[in-house]
Amino acid sequence: MDVTCVVDDAVQRSSPFWGEHGVAFLIETEGGRVLFDTGQSGTVLMHNLDLLGVDPASLDAVAISHGHYDHTGGLTALLEHLSPQAGLYATPDLFRERYSKREGASVKSELEDVGIDLTEEDLAARVSLTLNAQPQEIIPGVWTTGEITRRPEKEGSSSHHRMRESHAIVPDRYLDDMALVLASDDEVTVLCGCCHAGLLNTVAHVDRIFDQPVGVIAGGLHLTGANEQELAHICRTLKTLPALRRVYPNHCTGEAAFVALTNAFGSSVVRPFPAGTVLEVRLRRYGVNDENRCS
């Protein structure tokens, strides 16, 4: 099973890949191809897929971690090339109106729309759309987490994020947020888009619903707003996971979190994980090729 970072905020020096604020991953197994998130723009997504030699028509499915623009912005361009038989997987709250409210902004006209720019009807007309709060198997071994409802730990929230609830604009509760789970016989890899539900909440959710322990965590962990004490608590809690052996953070993880994770886990934290990087996840325990192969 190969996991390729197609879009990220970072690219390798002198790389032909383009970067932007956003993320997208390509998961390839013997059972098919799944694109997880689409970055911020079709321009960057399609350029990088072309460099990888990936025809979008060959994708069996697309999964969307949540509705923010930096994860759904490439979807419109991608739809032009997807097979009508391709599946699209997300949680039911994906299409809720979402905004960014900066300091001093008080009315909707001053809010920036940061949600998905497609409607449920748009997607249902183009692909096989599955909106489900429960875990779904997309292709053999690749699952959605479904909605992450239990959140006793800190969420990956931002103070300026808002959503529409009935007639009111309220702080975003990120009910659309989900991750992917790549399952083998002995362990699972948790692949995060932005982890707005909270890293510890997401990992605990996966631990509850899958028999296999968490062995690898990768992707955007949204720890940019975490302070020193919160990062220390997160690291201590992750250390209690008996099978965790690798962390591949990128996108919204944040520099302070990179440092804290590296101090806590040493070489088990592998960075960077930029656009063009391939992570090989072999379907057996301790079978990961830990080299980041960069084109």
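Placed above this text is the structure.
The text that follows walks through the structure, step by step, so that each part is easy to find. Please read these numbers as outputs of a predicted model, since none were measured by experiment. (Residues numbered from 1 in each chain as written. Predicted model: local features only at pLDDT ≥ 70, side-chain atom pairs only at ≥ 80, totals over all residues. Heavy atoms only, no water.)

1. Topic: unusual backbone geometry
Positive phi, normally seen in glycine, also occurs at C195, with a value near 55 degrees. Within the element layout of this structure, C195 appears in the loop between β14 (188–192) and α5 (199–209). (Helix = DSSP H or I, 4+ residues; strand = E, 2+ residues; numbered from the N terminus.)

2. Points about the sheet that holds β14
With mixed pairing, 6 strands are arranged side by side in an open sheet as β9-β10-β13-β14-β15-β16. Only two strands of the sheet have a single neighbouring strand rather than two, namely β9 (137–139) and β16 (246–250). In this sheet, neighbouring strand axes are inclined to one another by 20 degrees on average, regardless of whether the strands run parallel or antiparallel. This element, α5, spans β13 (180–183), β14 and β15 (214–220) of the sheet and lies at about 140 degrees to β15. (Pairing = 2+ DSSP bridges. Axes fitted to C-alpha atoms, helices over the stretch in contact; angles between N-to-C directions. Contact = heavy atoms within 4.5 Å.)

3. So, a negative patch on the surface
Side chains of E112, D113, D117, E120, E121 and D122 sit close together on the surface and give a patch of like negative charge. Following the sequence through the fold, D113 ends up in strand β7 (residues 112–113). (Patch = residues over 30% accessible without salt bridge, like charges linked within 9 Å, V, L, I, M, F, W, Y side chains within 5 Å. Areas by Shrake-Rupley, 256 points an atom, 1.4 Å probe, with all protein chains shown as cover. Salt bridge = Lys/Arg side-chain N within 4 Å of Asp/Glu carboxyl O. Lys, Arg positive; Asp, Glu negative; His and termini not counted. Charge placed at Lys NZ, Arg CZ, Asp CG, Glu CD.)

4. A look at the packing of aromatic side chains
Under the definition given, this model contains 4 aromatic pairs. With a centroid separation of 5.9 Å and 85 degrees between ring planes, the pair formed by W143 and F210 is classed as edge-to-face. Of the two residues, W143 sits in strand β10 (residues 142–144) while F210 sits in the loop between α5 and β15, which places them 67 residues apart along the sequence. Residue W143 is classed as partly exposed on the basis of its relative accessible area of 26%. Ring pairs connect the aromatic residues F25, F36, Y248 and F273, which therefore count as one cluster. (Phe/Tyr/Trp six-rings, centres within 6.5 Å; stacked < 30°, edge-to-face > 60°. Buried < 20%, exposed > 50% of the residue type's maximum accessible area, 1.4 Å probe, protein only.)

5. Digging into the nonpolar core
Counting 29 residues, the largest nonpolar core has L199, V214, I217, L221, L238 and L244 as the members making the most contacts within it. Elements that contribute at least two residues to this core include exactly β13, β14, α5, β15, α6 (228–238) and α7 (255–265). I139, L180, Y248 and L279 belong to the second largest nonpolar core, which has 25 residues in total. (Core = buried A, V, L, I, M, F, W, Y, C linked by side-chain atoms within 4.5 Å.)

6. Side note on α6
Listing the buried residues of α6 in full gives L231, I234, C235 and L238. The arc enclosing the buried residues of α6, seen along the axis, measures out at 95 degrees, which places them on a common side. Residues of α6 that are exposed and point over 90 degrees away from its buried face: Q229 and R236. Check the buried side of α6 and you find it contacts α5, β15 and α7. Two or three places before Q229, at the start of α6, stands the capping residue N227, its side-chain oxygen 3.1 Å from that residue's backbone nitrogen. (Arc of directions from axis to C-beta. Polar contact = N/O pair within 3.5 Å; in protein donor to acceptor, adjacent residues only side chain to side chain.)

7. Considering the environment of H222
Its place among the elements puts H222 in the loop between β15 and α6. For H222, a relative accessible area of 9% corresponds to the buried category. Residues contacting H222, with those up to four places away along its chain left out, are G156, S157, S158, C194, C195, H196, C252 and T253. Looking at H222, its side chain comes within polar contact range of the main-chain oxygen of G156, at 3.2 Å.

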